[in-house]
Amino acid sequence: EKWPKGDEKVWRTALRGLDTDVPSITKSVVNHVQTSLARQAYNLDNLGAYQAAALSVRDNLILNWNDTQMHYTRKAPKRAYYLSLEFLMGRTLDNALLNLGLKDKYQEGVHQLGFNLEDILEQERDAALGNGGLGRLAACYLDSSASQELPVWGYGLRYKYGIFQQLIGPDGSQLEAPDPWLQQGDNPWELPRLDVTYEVRFYGHAERLDGMKAIWSGGQEVVAMAYDTMIPGYDTKSTNNLRLWESKPKRGFDLQSFNAGDYERAVESSNSAEAITSVLYPNDHTTFGKELRLKQQYFWTAASLADIMRRFKNLGKPITEFPDYVAIQLNDTHPTLAIPELMRIFIDEEDVPWDAAWQLVTNTFFFTNHTVLPEALEKWPVPLMQSLLPRHMQIIFDIHYLHVAVEKKFPGDRDKFARMSLIEEGYPQQVRMANLACIGSRKVNGVAELHSELVRTTIMKDFVDYYGISKFANVTNGITPRRWLDQCNPGLSKLISETLKLPKAAFLKDLFKLEGLLKFVDDPIFQKKWAAIKQSNKERLAHYVETTLGLKINTHAMFDVQIKRLHEYKRQTLNIMGVIHRYLTLKDMTPEQRKTVNPKVVFFAGKAAPGYYIAKLTIRLIVNAARIINSDPETKDILQLYFLPDYSVSLAEVLIPASDISQHISTAGTEASGTSNMKFCLNGGLLVGTVDGANIEIAEEVGENNVFFFGHLTPAVEDLRYQHMYHAVPIEQKCPPLARVLNEVSAGRFGDGSVYEPLLNTIRQHDYYLLTEDFDSYIQALQLVDEAYQDRTEWIKKSIRTSAKMGKFSSDRAIQDYAQEYWNIESTKPE
Ligand code: 6GP
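One numbering rule holds for all chains: residues counted from 1, following each sequence as written. Side-chain atom pairs in this predicted model are given and counted only at pLDDT of 80 or more, local residue features only at pLDDT of at least 70, and totals for whole chains, interfaces and linings cover all residues.

J.: Help me understand the overall build of the protein in this model?
T.: When helices and strands are tallied, the protein shows 37 helices and 24 strands. Seen through its C-alpha atoms, the protein measures out along the principal axes to roughly 85 × 75 × 65 Å. For the exposure call, what matters is how many other C-beta atoms sit within 10 Å of a residue's own: 20 or more marks it buried, 12 or fewer exposed, and in between partly exposed, using C-beta atoms placed from the backbone. Counting over 831 residues, the protein shows a buried share of 47%. When contacts within the protein are restricted to residue pairs at least 6 apart in sequence, long-range pairs at least 24 apart make up 76% of them. Only runs of H or I of at least four residues qualify as helices and only runs of E of at least two qualify as strands under DSSP, and these elements are numbered from the N terminus. For the purpose of contact definition, each residue receives a C-beta atom placed from its backbone, and two residues are in contact when these atoms lie within 7 Å.

J.: Just to check I follow, could you spell out unusual backbone geometry for this structure?
T.: Outside of glycine, negative phi angles account for most residues, and trans bonds account for most peptide bonds. For the bond from Tyr427 to Pro428, the omega torsion is 0°, close enough to zero to count as cis. Its location among the elements puts Pro428 in the loop between β15 (423-424) and β16 (430-432). A positive phi angle, near 65°, is found at Asp332, a position not held by glycine. With respect to the secondary-structure elements, Asp332 resides in the loop between β12 (326-331) and α12 (338-349). A positive phi is found at Asn824, a non-glycine position, where the angle reads about 60°. Following the sequence through the fold, Asn824 ends up in the segment after α37 (811-823).

J.: Mind showing me how you'd approach the domain arrangement of the protein here?
T.: In terms of domain boundaries, the protein breaks down into domain 1 (76-91 + 126-168 + 189-282 + 292-477 + 816-823) and domain 2 (523-807). The C-alpha centroid of domain 2 is placed 37 Å from the C-alpha centroid of domain 1. The interface is formed by 30 residues belonging to domain 1 together with 23 residues belonging to domain 2. When residues of the side of domain 1 that touches domain 2 are traced back to their parent elements, those giving at least two are β2 (87-90), α7 (133-147), β5 (165-168) and α19 (449-457). Classification convention: Asp, Glu, Lys, Arg as charged; Ala, Val, Leu, Ile, Met, Phe, Trp, Tyr, Cys, Pro as nonpolar; all other residues, Gly among them, as polar. In terms of residue class, the side of domain 1 that touches domain 2 is built from 14 nonpolar, twelve polar and four charged. The source of the domain bounds is an automatic or database domain assignment.

J.: Sorry, what's going on with the site of the ligand here?
T.: Within the structure, the ligand sits among 18 residues, and Gly133, Leu134, His370, Ala672 and Ser673 are positioned closest to it. Class assignment for the residues of the shell around the ligand results in five nonpolar, ten polar and three charged. The residue makeup of the shell around the ligand includes at least three contributed by each of domain 1 (76-91 + 126-168 + 189-282 + 292-477 + 816-823) and domain 2 (523-807). Nearness here has a simple definition: the residue's C-beta atom, placed using the backbone, must lie within 6 Å of the molecule or strand.

J.: Where do I start with the sheet that holds β12 in this structure?
T.: The strands making up a sheet associate through hydrogen bonds between their backbones, and the pairing can be parallel or antiparallel. Following DSSP output, two strands are said to pair if at least two bridges run between them. Read from one edge of the open sheet, nine strands run β7-β10-β11-β4-β1-β12-β13-β17-β18, paired in mixed fashion. Of all the strands in the sheet, just β7 (190-202) and β18 (472-474) have a single pairing partner and so form its edges. The mean angle between the axes of side-by-side strands here comes to 25°, regardless of whether they run parallel or antiparallel. Strands in contact with helix α9 (residues 263-275) are β10 (220-232) and β11 (239-249); relative to β11, the strand with the most contacts, it is inclined by about 150°. Here an axis means a line fitted to C-alpha atoms, over the contact stretch when the element is a helix, while the angle between two N-to-C directions is reported on a 0 to 180 degree scale.

J.: Just to check I follow, could you spell out the sheet that holds strand β14 (residues 379-381) for this structure?
T.: Pairing in this open sheet of three strands is antiparallel, and the strands run β14-β16-β15 from one edge to the other. In this open sheet, the two edge strands, each paired with only one partner strand, are β14 and β15. Note that β14 and β16 share three bridges and pair antiparallel. Across the sheet, the residue bridging to Pro381 is Gln430, located in β16.

J.: Explain the UniProt feature "modified residue: N6-(pyridoxal phosphate)lysine" (unreviewed entry) in the protein here, please?
T.: UniProt positions are given in the numbering used here, feature names are shortened, and annotations may be inferred rather than shown by experiment. UniProt's feature table lists "modified residue: N6-(pyridoxal phosphate)lysine" (unreviewed entry) at Lys679, given in the numbering used throughout. Tracing the chain through its elements places Lys679 in helix α29 (residues 676-682). On the neighbour-count criterion, Lys679 (30 C-beta atoms within 10 Å) is buried. Leave out the neighbours within four places in its chain, and Lys679 touches Ile479, Trp484 and Ile656.

Listed below in structure tokens is the structure:
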């Protein structure tokens, strides 16, 4: 290649890249302190050291990112795009150091500069642009795509405010505060792309031309500007991109109004444009039909598709080859507008005839469903869609009429047709996004075997009849072993490496290698080391709780953890009722009897959607029960209860490695998969759970004798609910122990009982999530947990066996499934 100008030798030397020996690292860090931060080395604090170290690491990422992107452009492989409204990334520095293989050297380097790497890492604020499972899954998938050198980009929104910060008020209630995560100074992990911008239109009118074409004009235009986040692969140069869009006004402010003295008016349009990407909606599993949310969805899909289309056009290929170069994964229904948007581009801008366009579209998209809960199925009022996106509403109606062919296949079955319709009749009519996503995609998948089966037999049943079963598949979720083993549990990772006599990279890239641990299950020395790591992780957690909350934890107790979003279907309520039941049982005992009881510490953490009243009451009950239980001199040494505020990815990284047992206790058939269940098991924690989601596949791997299952099975749930509705039995008869617990709460044992009545009534009345049905077997399962824990050696063996069998749950496996069975893309890496 020829150099554009100047002396080739000078260029070549300058382009040699970065040296990564320790002296070069310290030099680079200090350089950033002095130049990028304009600070003095003699008064540097941990935050400054974090910023400088991050900038220095970033330099490495940028070079790899450049090479990778250049390679993709030259080689032009088929690419996949993961469209997700949520990416719950957590912290980046530690992960970047691990993936680049530079952790030891930076540790040494910052040490020489008088800092401790652990303290520096703690300075970083989580990037929390997601609610829970769906968003964290997206983050694990990016890590696995880059690590396997797959050409995959993520597309999302750059929210100015992430998921709210959770505080606990004096009465024990959740309080919300904003999360201005970008206010720490510049975010070193993103690159603003002032040159990558697209205009996005809202409102206006759509005028039909000949045939199926139309012109959409007028309305409001806003600008989408790209911010790129580098996603380093582990043990490879491959560094992918997460492109997040920020909304900006097309014109900064209106000079005319300004000159006329109307200053508010002058910035009005700018404010309304910026509002689009200002905040992440904090609801999971519920939709509210808010216009701003629909704006977010369109803004993001339109900008992403424009970007994808521009990249495709640069290849100079005929438009008919679009699906040979582009695969788009829809992370739940949030990006479904991409389907009519791509139709609009093909038809109105590229002159592709309707049928051909539909063919291309349905070969491009793939749709993942993440829940069968009815309240999560997105629907948008037709009048709202018509006003905000008039052209898309036309296209959706056109697809709808095309879809009328369904009637021919099932003549006379009007109910079926009504269920499959894109439009739900009512006042107003609504657009059903799941139906649109299904018919516009090549494949539809659920996220664990049971869930995918429920998708096939419930929400998508009619579509299975129509399209045949092969369109409906399963990809069981996975987790990245880089973050969820090596980063969060370095001690365990080291022990595994020493025991298997393998470099860490061997099992971090092929998690099935952990099976090698099975040979050591009976080795007492290995068992001891295994147990010692769990113990030190408990102490690390206890230290965290002591420094943040000022509470002292008994680290010789069994640690029992439930951490996830607060939701009735996840049944934190069952857990807290179980804890209270345990407390009452302990109080019934004599002091002598109590001495024989194994101590237990129960941890909860998780956020409730700000408008979810019952979920917030559950938090309040947990917090107030904790106050009573932890201060009761008769029991406080054998039972402690904590609600850790402000759950986050970083907090999970401390909690998960410390757990002996964790709870995944959703009503059967309601938790699509769960992913923290996999994280706990990988770190040697055991599960108590229902026969639901990925719990089932975990038990298949580790053996049912290593999982504590309880509760009714999915097929029974519907009948039980029906009975509750029409043949209700009072709780005193149905489940006396639970009735006693409710009565104690009601009677004010944990503070004013009347506060909790609405929560208690959800159980006493219809009990939709079947606590009264599962309580007895739940308590039995916990009893079995206690008994098993008495035999510590047996417990450690279970723990080793569980961790050893987690190979299937690496997100590397999940991403390979998507790459091969759906996207049809291949690994390719820069030289
Ligand atoms: C979640 C599911 O509830 C959880 O079971 C699953 O593990 C996770 O997705 C990843 O697949 N669903 C959501 O978070 C959600 O908002 C619309 O679904």
